[in-house]
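Below, each chain spelled out in residue letters.
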Amino acid sequence: MWAVRSFTLQQMGRMAGLGRAAPAATRGFAKKAAKGDETFEVEITTPFEGHKLDEMPDQKVETTKAEVLGFFKDLFRMRRMEISADVLYKGKFIRGFCHLYDGQEAICVGMEASINYEDAIVTSYRDHCTYLGRGGNMYEVIAELLGRRDGCSKGIGGSMHMYLRENNFYGGNGIVGAQVPLGVGIAFQQKYNKKENCTFTMYGDGAANQGQGFEALNMAALWDLPVVYVCENNHFGMGTAEWRGSKQPAFYKRGDYVPGIKVDGMDVFAVKKVRRSRNAKKNPNFDGRR
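Just so you know, these numbers come straight off a predicted model, no measurement behind them. As a convention, each chain's residues are numbered from 1 in the sequence order in which they are written. In view of the model being predicted, local features appear only for residues whose pLDDT reaches at least 70, and side-chain atom pairs are presented and counted only at 80 or more, with totals across whole chains, interfaces and linings using the full set of residues. Side-chain metrics rest on all non-hydrogen atoms present in the structure, leaving aside hydrogens and water.

### Focus: helix H2 (residues 65–90)
Part 1 of the argument: Strands here are runs of E lasting at least two residues and helices are runs of H or I lasting at least four, both read from the DSSP assignment and numbered beginning at the N terminus. What a helix should span is 1.5 Å times the count of its residues minus one. Look at H2: 38 Å from first C-alpha to last across 26 residues, which is about the 38 Å you get at 1.5 Å a residue.
Part 2 of the argument: Partly exposed residues are those whose accessible area sits between 20% and 50% of the maximum for their type, while under 20% is buried and over 50% is exposed, using a 1.4 Å probe and protein chains only. Glu-67, Phe-71, Met-78, Met-81, Glu-82, Ser-84, Ala-85 and Leu-88 are the residues of H2 that are buried.
Part 3 of the argument: Positive backbone phi, approximately 65°, marks Lys-92, located one or two places after H2.

### A short note on the packing of helix H6 (residues 179–192) against helix H7 (residues 211–222)
Part 1 of the argument: Axis definition: a line fitted to C-alpha atoms, over the contacting stretch in the case of helices. Angles run 0 to 180 degrees between N-to-C directions. Taken N-terminus to C-terminus, the directions of H6 and H7 make an angle of 15°; their axes are 8 Å apart at the nearest point. Compared by their axis directions, H6 and H7 come out roughly parallel. In this structure, the crossing between H6 and H7 has a hand that is left-handed. Across the interface between the two elements, Val-180, Pro-181 and Val-184 from H6 touch Gln-212, Gly-213, Ala-216 and Ala-220 from H7.
Part 2 of the argument: Residues were grouped as follows: Ala, Val, Leu, Ile, Met, Phe, Trp, Tyr, Cys and Pro as nonpolar; Asp, Glu, Lys and Arg as charged; and all remaining residues, including Gly, as polar. Along the lines of polarity and charge, the residues of the contact of H6 with H7 split into five nonpolar, two polar and no charged. Roughly parallel refers to an angle under 35 degrees, roughly antiparallel to one over 145, roughly perpendicular to one between 65 and 115, and oblique to any angle outside these ranges. The sense of a crossing depends on the near helix, which, turned anticlockwise from the far helix by less than a right angle, makes the crossing left-handed and, turned clockwise, makes it right-handed. Contacts are assigned to residue pairs with any non-hydrogen atoms lying within 4.5 Å of each other.

### Topic: the packing of H2 against helix H3 (residues 105–112)
Describing two packed helices takes the angle between their axes plus the distance from one axis to the other.
Part 1 of the argument: At their nearest, the axes of H2 and H3 sit 10 Å apart, and the two run at 140° to each other. On the basis of the axis angle, H2 is oblique to H3. Between H2 and H3 lies a crossing of right-handed hand. Packed against H2, whose contacting residues are Phe-71, Asp-74, Leu-75, Met-78 and Arg-79, the element H3 presents Glu-105, Ala-106, Cys-108 and Val-109 at the interface.

### Concerning helix H9 (residues 268–276)
Part 1 of the argument: With eight of nine residues buried, H9 is to be regarded as a mostly interior element.
Part 2 of the argument: Of the positions making up H9, those classed as buried are Val-268, Phe-269, Ala-270, Val-271, Lys-272, Lys-273, Val-274 and Arg-275.
Part 3 of the argument: Each polar contact in these results corresponds to two N or O atoms within 3.5 Å; when the atoms are within protein, one needs to be able to donate a hydrogen and the other to accept it, and residues that are neighboring in sequence are counted only if both atoms are side-chain atoms. The opening residue of H9 is Asp-267, an N-cap whose side-chain oxygen sits 2.9 Å from the backbone nitrogen of Phe-269.

### Considerations on the packing of aromatic side chains
Part 1 of the argument: For Phe, Tyr and Trp, rings pair up if their centres lie within 6.5 Å, where Trp contributes its six-membered ring, and each pair is then called stacked (planes under 30 degrees apart), edge-to-face (over 60) or tilted (otherwise). Using the criterion set out here, one finds six aromatic pairs in the structure.
Part 2 of the argument: Here Tyr-131 and Phe-169 contribute two aromatic rings whose centre-to-centre distance is 6.5 Å and whose plane-to-plane angle is 55°, an arrangement assigned as tilted. Of this pair, Tyr-131 sits in helix H4 (residues 128–133) while Phe-169 sits in the loop between helix H5 (138–145) and H6, and the two are 38 residues apart along the sequence. Here Tyr-131 matches Phe-169 in class, with each residue buried.
Part 3 of the argument: Taken together, the ring pairs connect Phe-188, Tyr-192 and Trp-223 into an aromatic cluster.

Note that every value here comes from positions in space, so none of it alone points to a role or purpose.
Here it is as structure tokens:
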């Protein structure tokens, strides 16, 4: 006969490696490193590739020591959370679906460095880290994954349906590509209400051939809506390589009449740079490649 065990969220977190580690000795940067608020330039090594752009962003971005440390903290935190979610899933504490974001964290962190919570984001079912980037916390993510009422969607949404309405994060959508026209709709209300912000509608290369994405893109271009299409290209739509499923895998050119740019999605500074570019809202087709 099987014994039924009950665990608290804290106990599960410790089992998955989310327990608070003992404080370690810290070592700062070299003595001549910049102070926390002193800016310095970082060179972006992978060149941007543009499509119908008025001008290309340069290959340098300004940052500070405090921002670099913040990037490292956020990236590390997201990776640890996803690895821990993987452990909980394999231990059968998380039921149903569990779509992880590890390997794509730089896109989320780089985006959040250049936008604010008045801008809107809608994404696919890989939404754990996006929720974190929008101002949520790990406790709410893990609680949601475990089906607990302390979760960000009261435990009834699970891995694919995390939301944070107060910070304009609209999920977390389980149907492939369904979030793309939703993002265009959010952008429509921003323009209708004369808001100065924009919407980032995110999808993967596996959703790039969805007809609804092209239909919504046509409307966005016709009505000049403040929406940015972000293709998080990890080169595989589930188990299918991009070259097997797409005749034209240069997704930043897919908009035809819509300008686009290809960015190294593994470089947090590159993502930050293209977001901060003054052309960001005028060039709304973005391909973040790994």
